[in-house]
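A closer look at the structure
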Amino acid sequence: MQHLLGRARWDADRVRDDVREYALEHLHDEDAVLVVDETGDLKKGTHTVGVQRQYTGTAGRIENSQVAVYLVYAGKRGHVAVDRTASTTGPSSTGLNPGPAATSC
């Protein structure tokens, strides 16, 4: 598992696509919903992609943090994260931050 998480090379977009296919095939539910979840992680430095001084509910105030937005498919048969992106919402931000940051979440 450590190799997979730390050293293995894999395409996050292809994994996301596989998860979406799995969700549609195995978790299909006519009453399912998509849940958008914004999660803030406090960060001490500024070297991590997307870290800046911004409001995060985790701290309840403006702090150095990284904000990630997750899209989750939820139905009677289960739930699964189907997409993710890092975002920046501070004063110097232009909104969502696609690209390399998205694969680090």
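What counts, and at which threshold
- Residues numbered from 1 in each chain as written.
- Predicted model: local features only at pLDDT ≥ 70, side-chain atom pairs only at ≥ 80, totals over all residues.
- Heavy atoms only, no water.
- Salt bridge = Lys/Arg side-chain N within 4 Å of Asp/Glu carboxyl O.
- Helix = DSSP H or I, 4+ residues; strand = E, 2+ residues; numbered from the N terminus.
- Buried < 20%, exposed > 50% of the residue type's maximum accessible area, 1.4 Å probe, protein only.
- Patch = residues over 30% accessible without salt bridge, like charges linked within 9 Å, V, L, I, M, F, W, Y side chains within 5 Å.
- Areas by Shrake-Rupley, 256 points an atom, 1.4 Å probe, with all protein chains shown as cover.
- Pairing = 2+ DSSP bridges.
- Expected span 1.5 Å × (residues − 1).
- Arc of directions from axis to C-beta.
- Polar contact = N/O pair within 3.5 Å; in protein donor to acceptor, adjacent residues only side chain to side chain.
- Lys, Arg positive; Asp, Glu negative; His and termini not counted.

**Notes on the pattern of salt bridges**
Applying the stated criterion across every chain, the model contains seven salt bridges. Salt-bridge contacts for Arg-20 lead to Asp-17; the nearest nitrogen and oxygen are separated by 3.9 Å. Of this pair, Arg-20 and Asp-17 both sit in helix 2 (residues 12-26), separated by three residues, roughly a single helical turn. Relative accessible area serves as the criterion here: at 31%, Arg-20 is assigned to the partly exposed category. Measuring nitrogen to oxygen at the nearest pair gives 2.7 Å for the salt bridge that ties Glu-63 to Arg-61. What makes Arg-61 partly exposed here is its relative accessible area of 46%. Residues joined by salt bridges that share partners form a network here, namely Asp-13, Arg-16, Asp-17, Arg-20 and Asp-83.

**Thoughts on a nonpolar patch on the surface**
Together, Met-1, Leu-4, Leu-5, Trp-10 and Val-15 line one region of the surface with nonpolar side chains, adding up to about 560 Å² of accessible area. With respect to the helices and strands, Leu-5 occurs in helix 1 (residues 2-6). On the accessibility criterion, Leu-5 (62% relative accessible area) is exposed.

**Notes on the pairing of strand 2 (residues 52-56)**
Here strand 2 shows one buried face, formed by Gln-52, Gln-54 and Thr-56, and one open face, formed by Arg-53 and Tyr-55. What sits between strand 2 and strand 3 (residues 61-75) in their antiparallel hairpin is a turn of four residues, with Gly-60 showing a positive phi close to 75°.

**Quick word on helix 2**
The end-to-end C-alpha separation of helix 2 is 21 Å, in line with the 21 Å expected for 15 residues at 1.5 Å each. For helix 2, every residue scored as buried is listed here: Ala-12, Arg-16 and Ala-23. The buried side chains of helix 2 occupy one side of the element, clustering within an arc of 40° when seen end-on. For helix 2, the exposed residues set more than 90 degrees away from the buried face come down to Arg-14, Glu-21, Leu-24 and Glu-25. For helix 2, the N-terminal capping position is held by Asp-11, with its side-chain oxygen 2.9 Å away from the main-chain nitrogen of Asp-13.

**A few points about the pairing of strand 3**
Two strands pair when backbone bridges link them, and strand 1 (residues 33-42) and strand 3 are joined in this way by ten bridges, in the antiparallel orientation. Counted as the bridge partner of Asp-37 is Tyr-70 from strand 3.

**Looking at the side chain of Asp-29**
Position of Asp-29 relative to the elements: it lies in the loop between helix 2 and strand 1. No salt bridge is formed by the buried Asp-29; its nearest oppositely charged neighbour, Lys-76, is found at 4.7 Å. At 2.7 Å, the side chain of Asp-29 forms a polar contact with the backbone nitrogen of Lys-76.

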